[in-house]
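The residues making up each chain are set out below.
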Amino acid sequence: MPATATLSTPFPIGFGSLMAQALRDMGKPEFYESMVELVRQMIPCDFWIIARYDARSKPLIISENGMNVNAKTLYSNRLWQRDPLPQHAGRRDTRAISLRELRRDGALDTVYARYLDRTLGIQDELALLFPISGGSFLALCLDRQRDAFTDQELALARELQTILVEMHHQHIFRAIDRQVSLFLHDSGVGKPEIMILSANNTVLYKSDTWSHAATQAFERDPLPSEIGCGDIAATGGRDGWSLTRMRDGSRDAILAGADVYLLRRNAADVGDRVAEFGRLHQLTERQQQILVLSLQGHPNASIAEKLRITVGGVKNHKLRLYEKLDITSERELMSAILCHL
């Protein structure tokens, strides 16, 4: 007779509910905190840190629940340059790394090891790494103050990564779609091409057909640095194409501190559409000029320089625009005009 199978599960009670919550939170700013709670159910820790590492720049601490102030300040001021995670993120097939492994391999310099022991006050850290784009990645760091993570726990973390990395990729797509939809207020216009740049113009995300659309708009695919500094937006696009920068201070780990650029083709020239919008709302010529430059992604200082007025003058014109349109913010202003294009 065949042997009777014995039902055995490694999942603790409550894991299913936490997994369901993490799935519901995909596309929302709280997704990675839900993911941390999911992992902590299987691999306990004393506190955790969520940070985004962008190529060639200081990591951005997105969220944490126990990192002391002195440790955070010291890390942000100078010790981030000694952090071993960026050097090891791209060298291994696995996306889970422990400090115990790095110590054993001699990958921690003495200054950073002293910081971990004395200032951060931890015995071990387990970092789960999630690739983004262009050398950027997200790290979910579980920290223990007294005990090290075992080989079994490290193996379990790497096994969980099979699921977690796929959830991470799906979250990126949902988060971007959600933010763009909120910005455009579901205006019914064609879906834009999207590029997301970090503060140092690292590409965090680029839609598959961005390069093709950019070539149509500008006769070539501009470098991220050209887009980030506003030079390309200042030239305008051909055949009704327009480039818009979207900034709204999202808390999402992928979008935090980044700029979202929307490349869209309009049925008519942007200037003509703004003129039509201006007639509808009785805007002055100067207010229409400011609208066009704002759509092209120019900040107030750049608008003032191009129009040869003061930054205070730009702000005053925008305040009068807000009054005419019954709105209160730059985001609402961009939404109102984009809905009309």
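Just above sits the structure.
Only a predicted model underlies this, so the values are computations on that prediction, with no experimental measurement involved.

Student: Could you give me a rundown of the packing of helix H13 (residues 300-307) against helix H14 (residues 311-325), with the residues and numbers involved?
Tutor: Running from N to C, H13 and H14 point in directions that differ by 105 degrees, and their axes come no closer than 8 Å. It follows from the interaxial angle that H13 and H14 lie roughly perpendicular. Contacts between H13 and H14 involve Asn 300, Ala 301, Ile 303 and Ala 304 from the first element and Val 311, Val 314, Lys 315 and Lys 318 from the second.

Student: So what's going on with helix H2 (residues 31-42)? Which residues, and what values?
Tutor: The terminal C-alpha atoms of H2, which comprises 12 residues, lie 18 Å apart, in line with the 16 Å expected from a rise of 1.5 Å per residue. Every buried residue of H2 is accounted for by Phe 31, Tyr 32, Ser 34, Met 35, Val 36, Leu 38, Val 39 and Met 42.

Student: Any details on empty space enclosed by the protein? Residues and values, ideally.
Tutor: Summed over the entire model, instances satisfying the criterion amount to 1 cavity of 30 Å³ or more. In this structure, the largest cavity occupies an estimated 160 Å³ of space. Lining the largest cavity are 16 residues, with Tyr 53, Tyr 75, Asp 83, Tyr 112 and Glu 125 positioned closest to its centre. Looking at the lining of the largest cavity, the elements that each hand over two or more residues are strand S1 (47-53) and helix H6 (110-120). Examining the composition of the lining of the largest cavity, we find that 4 residues originate from one element, H6, more than from any other. In terms of residue class, the lining of the largest cavity is made up of 14 nonpolar, no polar and 2 charged.

Student: Would you mind going over the pairing of strand S2 (residues 60-64) in detail, with residue names and values included?
Tutor: For a regular strand, the rule is simple: side chains alternate between the two faces of the sheet. Where S1 lies against S2, 4 bridges are found, and the strand directions are antiparallel. Among the inter-strand pairings, Ala 51 is bridged to a residue of S2, identified as Ile 61. Between S1 and S2, which pair antiparallel in sequence order, lie 6 residues; one of them, Arg 56, sits at a positive phi of approximately 65 degrees.

Here is what the cut-offs are and how they apply
- Residues numbered from 1 in each chain as written.
- Predicted model: local features only at pLDDT ≥ 70, side-chain atom pairs only at ≥ 80, totals over all residues.
- Heavy atoms only, no water.
- Axes fitted to C-alpha atoms, helices over the stretch in contact; angles between N-to-C directions.
- Helix = DSSP H or I, 4+ residues; strand = E, 2+ residues; numbered from the N terminus.
- Parallel < 35°, antiparallel > 145°, perpendicular 65-115°, else oblique.
- Contact = heavy atoms within 4.5 Å.
- Expected span 1.5 Å × (residues − 1).
- Buried < 20%, exposed > 50% of the residue type's maximum accessible area, 1.4 Å probe, protein only.
- 1 Å grid on protein atoms, 1.4 Å probe; cavity = no way out; pocket = protein on both sides within 12 Å on 5 of 7 lines; lining within 4 Å.
- Points joined across faces, edges and corners; volume = space filled by probe spheres on them.
- Nonpolar A, V, L, I, M, F, W, Y, C, P; charged D, E, K, R; others polar.
- Pairing = 2+ DSSP bridges.

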